[in-house]
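What follows is the residue order along each chain.
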There are 2 protein chains.
Amino acid sequence: MSEIKSLARGLKLLERLALAENGAGITELAAQLDIDKSSASRLVQTLASYGFAEQDPDTRRYRLGPRIVTLSRYMLTRMPLRDEAKPYLRRLVERTGEGAHLAILSQGGALYIDQVESPATLRATTGVGTVAPLHCTALGKVLLAFDANARMPEELKAYTPRTITSPETLRMHLEQTRRQGYAIDDEEYEYGVRCVAVPVFDYRGKAVGAIGISGPAGRISLERLPELAAITKQIGQELTDRLSFRP
Amino acid sequence: MSEIKSLARGLKLLERLALAENGAGITELAAQLDIDKSSASRLVQTLASYGFAEQDPDTRRYRLGPRIVTLSRYMLTRMPLRDEAKPYLRRLVERTGEGAHLAILSQGGALYIDQVESPATLRATTGVGTVAPLHCTALGKVLLAFDANARMPEELKAYTPRTITSPETLRMHLEQTRRQGYAIDDEEYEYGVRCVAVPVFDYRGKAVGAIGISGPAGRISLERLPELAAITKQIGQELTDRLSFRP
DNA sequence: GGTGGCTGTTGTATAATGCACAACGACTAG
DNA sequence: CTAGTCGTTGTGCATTATACAACAGCCACC
């Protein structure tokens, strides 16, 4: 499995460009990858000529190009799960009033694939393409509990005081998640945001993703949680049923 | 400007993968790029090892990988225009009841950067990342009329019977668009869908994008058009005013 | 159940290609 | 005006990607 070095370098550059807040300079990029300026320059030029990067005419710095967004769209439209899940996400929003999300396991986290916003003014929305940690989000916990490919994160980073940081506690939590068929995130990732999520299975019974709702803790009160969990479980089951029909 | 060949090949492969409905095989890809199977295999393996492509375990065919979606998210969150425009898109939906979109000029078309869905059951939504033709969409016409970088498409492809296919007619249309400050799409791209769009300018007075609404022709009647155009123009102006504040 | 045609992957020698080292022009700051 | 950036471009050399194979796995078809 010998990888093509210059392609690999180009892809690494893309990732660096993605992380750079206000674009990145050639010298900077070259230093990060430990390659020569000239190499970095030519690689980025190639990326730019295909629309994967672009140069700010004023500052001469480079940033990600619009082609990425277009490719991403292609990728998303080719996912059957996304199309199937959309109506159920809408239903989730209608019945709970909160924002709904669909995520799959990817890059060691929960990758948000689709969303439907809450009609309320106060919203908790995570954009499509975000990769959220597995151990402190409802969608992530569900994937961790039900997706056979999911691996426990090495480090359980604390995002809020409520984040579960002990592997033991998390394991028990996942056990409970499996028993009750849903997971919650009680302000464990972001202050004032609670979430509920359930797994989605395909016709083989394999977990292929998770759907859930998230909203301000004020609206998603602990008293309302059982009801919201029931609704989410029901709609998740309906989606699973639908996915089971295609052989 | 010597481009790095193997990186260029890798990027071309990415684009081919994006276009392939149900993934693409190595032999197929190699034939398309006119390179050897072995080269294609190793290039795609490299793409895969960075998450830009992935292999279906069953069919052994390759498709785009999830990393693309994540990068796309980074790209979008780094666009100031998008953040600024969001509230105005919401307002547009509130006041018209139709779906709202934000687009910029890219890849010879109108690249949809953001959207807010209509609350109605019958929706006309174009996903973020879509590149729509310039000559037959309201957003596209606006960009063509106001963005200095926009180039007239070589071929005015007819998508519906109403599509403007004559360069002369289109030129007059654009002239009118400039005069009245907004453009419409009267079922010129898709049957039964009408759109209204206006330009957005930055502090230099340069057109940086376009916002607009689109919905079923049944609701966006010809009688309602003047009113909808007025609303869209007003909100577009408000957004332009906001963008003018930052030096 | 073999057999032929397909797939995608892996070895290897050769030659093309990307690389490091420069030098360059364009800016900015002191 | 000089010293320090920056990004880009030329060029010889050596690494590297490549083309041509051969390979194992799969499916379908007599």
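The structure reproduced in this document is the subject of the present report. (Residues numbered from 1 in each chain as written. Chains lettered and ligands numbered in written order. Predicted model: local features only at pLDDT ≥ 70, side-chain atom pairs only at ≥ 80, totals over all residues. Heavy atoms only, no water.)

## Re the environment of tyrosine 182 of chain B
All names here are of chain B. Looking at the secondary structure, you find tyrosine 182 in the loop between α7 (167–180) and β6 (183–186). For the pair formed by tyrosine 182 and glutamate 168, sequence separation is 14 residues and the distance between their alpha carbons is 19 Å. Apart from the residues lying within four places of it in its own chain, the contact partners of tyrosine 182 are Thr177, Val196, Ala197, Val198, Ala229 and Lys233. (Helix = DSSP H or I, 4+ residues; strand = E, 2+ residues; numbered from the N terminus. Contact = heavy atoms within 4.5 Å.)

## Section: the interface of chain B and chain A
Interfaces are frequently sized by the accessible area removed from exposure as the parts join. Taken together, the contact between chain B and chain A spans 52 residues of the former and 52 residues of the latter. At the boundary of chain B with chain A, total buried surface from both sides reaches about 4,800 Å², with 61% on carbon and sulfur atoms. Of all residues in chain B, Leu7, Tyr50 and Val69 of chain B give up the largest surface area on contact with chain A, accounting jointly for 13% of the area buried on that side. At the boundary of chain B with chain A, the tally comes to eight salt bridges. Glutamate 15 of chain B is the salt-bridge partner of arginine 67 of chain A, the closest N and O atoms lying 2.4 Å from each other. In this structure, the connection of chain B to chain A is made through 22 residue pairs in polar contact (both at pLDDT 80 or more). Here the side of chain B that touches chain A is built from residues that sort into 24 nonpolar, 14 polar and 14 charged. (Buried area = accessible area lost by both parts, 1.4 Å probe. Salt bridge = Lys/Arg side-chain N within 4 Å of Asp/Glu carboxyl O. Polar contact = N/O pair within 3.5 Å; in protein donor to acceptor, adjacent residues only side chain to side chain. Nonpolar A, V, L, I, M, F, W, Y, C, P; charged D, E, K, R; others polar.)

## Things to note about the relation of the copies chain B and chain A
Overlaying chain B with chain A gives an RMSD of 0.0 Å, the required rotation being 180 degrees about an axis along which the chain moves by 0.0 Å. The superposition operator between the copies reduces to a two-fold rotation axis. Residue leucine 7 of chain B, judged by its C-alpha, is the member of chain B lying nearest the rotation axis, at 2.2 Å. Both copies contact each other with a shared surface, as 100% of the interface residues of chain B are interface residues in chain A too. (Least-squares fit on C-alpha atoms with pLDDT ≥ 70 in both.)

## Focus on empty space enclosed by the protein
Residues and elements named next belong to chain B. Here the structure, examined in full by the defined rule, presents one cavity of 30 Å³ or more. Empty space within the largest cavity amounts to approximately 30 Å³. Around the largest cavity, the lining residues are Glu98, Gly99, Ser118, Leu122, Arg123, Ala124, Thr125, Ser214, Gly215 and Arg219. By residue class, the composition of the lining of the largest cavity is two nonpolar, five polar and three charged. (1 Å grid on protein atoms, 1.4 Å probe; cavity = no way out; pocket = protein on both sides within 12 Å on 5 of 7 lines; lining within 4 Å. Points joined across faces, edges and corners; volume = space filled by probe spheres on them.)

## Topic: helix α7 (residues 167–180) of chain A
At 3.6 residues per turn, the α-helix brings residues three or four places apart onto the same side. Residues and elements named next belong to chain A. Between the first and last C-alpha of α7 there are 20 Å, a value that for 14 residues agrees with the 20 Å anticipated at 1.5 Å per step. Along α7, the positions that sit buried rather than exposed are Leu170, Leu174 and Thr177. Around the axis of α7, the buried residues are gathered within 55 degrees of arc, so they sit on the same side. Exposed and oriented more than 90 degrees from the buried face of α7 are Glu168, Met172 and Arg179. (Expected span 1.5 Å × (residues − 1). Buried < 20%, exposed > 50% of the residue type's maximum accessible area, 1.4 Å probe, protein only. Arc of directions from axis to C-beta.)

Read these as spatial facts, not as claims about activity.
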